[in-house]
Amino acid sequence: PVVRFKDLGDGIAHIRLENFVSDYSVSEMAAALTKAKGMKGLIIDLRGNGGGNLAYLEAIAQQILPEGTLMVL
């Protein structure tokens, strides 16, 4: 797994995303965000993330961010 979810208590969720390379990163992030639904706070940890597939990054960002422009190249 490239995504790890942890409930830190007090309504705070921690999601660690190791990279955007794995074919499973998008679905694993969706599952973690579902677990975090209803939490009052969310930490998305990208420390040490080596990057990866731009399409996966975009798909994950769309799950988190409101509608609008995600990036400009």
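Up top is the structure these notes are about.
Notes on the structure in this doc start here.

1. Some words on the side chain of Asp45
Inference 1: On the secondary structure map, Asp45 appears in strand β3 (residues 41–45).
Inference 2: Here His14 takes part through its side chain, which lies 3.2 Å from a polar atom of the side chain of Asp45.
Inference 3: In contact with Asp45, not counting residues within four places along its chain, are His14, Ile15, Arg16 and Leu17.

2. Here we look at unusual backbone geometry
Leaving glycine out, the prevailing phi sign among residues is negative, and the prevailing peptide bond configuration is trans.
Inference 1: A positive phi angle is found at Asp10, which is not glycine, with a value near 55 degrees.
Inference 2: Within the secondary structure, Asp10 sits in the loop between β1 (3–9) and β2 (12–17).

3. Structural notes on the nonpolar core
Inference 1: Judged by nonpolar contacts, Val2, Val3, Ala13, Ile15, Leu17, Phe20, Met29, Ala32, Leu33, Ala36, Tyr56 and Ile60 together constitute the single largest core of 12 residues.
Inference 2: Elements represented by at least two residues in this core include exactly β2, α1 (25–36) and α2 (54–64).
Inference 3: It is α1 that provides the largest number of residues to this core, a total of four residues.

4. A closer look at the packing of α1 against α2
Inference 1: Taken N-terminus to C-terminus, the directions of α1 and α2 make an angle of 15 degrees; their axes are 9 Å apart at the nearest point. As judged from the angle between their axes, α1 and α2 are roughly parallel. Between α1 and α2 lies a crossing of right-handed hand. Residue-level contacts link Ser25, Val26, Met29, Ala30 and Leu33 of α1 to Tyr56, Ala59, Ile60, Gln63 and Ile64 of α2.
Inference 2: Its residues assigned to classes, the contact of α1 with α2 comprises eight nonpolar, two polar and no charged.

5. Overview of the pattern of salt bridges
Inference 1: All chains considered together, the criterion is met by two salt bridges.
Inference 2: For Glu18, the salt bridge is made with Arg4, and the minimal N-O distance between the two is 2.0 Å. Pair noted here: Glu18 is in the loop between β2 and α1 and Arg4 is in strand β1, with a separation of 14 residues, a long-range link.
Inference 3: Here Arg47 makes a salt bridge to Asp45, at a shortest N to O gap of 2.6 Å.

What counts and how
Residues numbered from 1 in each chain as written. Predicted model: local features only at pLDDT ≥ 70, side-chain atom pairs only at ≥ 80, totals over all residues. Heavy atoms only, no water. Helix = DSSP H or I, 4+ residues; strand = E, 2+ residues; numbered from the N terminus. Polar contact = N/O pair within 3.5 Å; in protein donor to acceptor, adjacent residues only side chain to side chain. Contact = heavy atoms within 4.5 Å. Core = buried A, V, L, I, M, F, W, Y, C linked by side-chain atoms within 4.5 Å. Buried < 20%, exposed > 50% of the residue type's maximum accessible area, 1.4 Å probe, protein only. Axes fitted to C-alpha atoms, helices over the stretch in contact; angles between N-to-C directions. Parallel < 35°, antiparallel > 145°, perpendicular 65-115°, else oblique. Left-handed = near helix turned anticlockwise from the far one by under 90°. Nonpolar A, V, L, I, M, F, W, Y, C, P; charged D, E, K, R; others polar. Salt bridge = Lys/Arg side-chain N within 4 Å of Asp/Glu carboxyl O.

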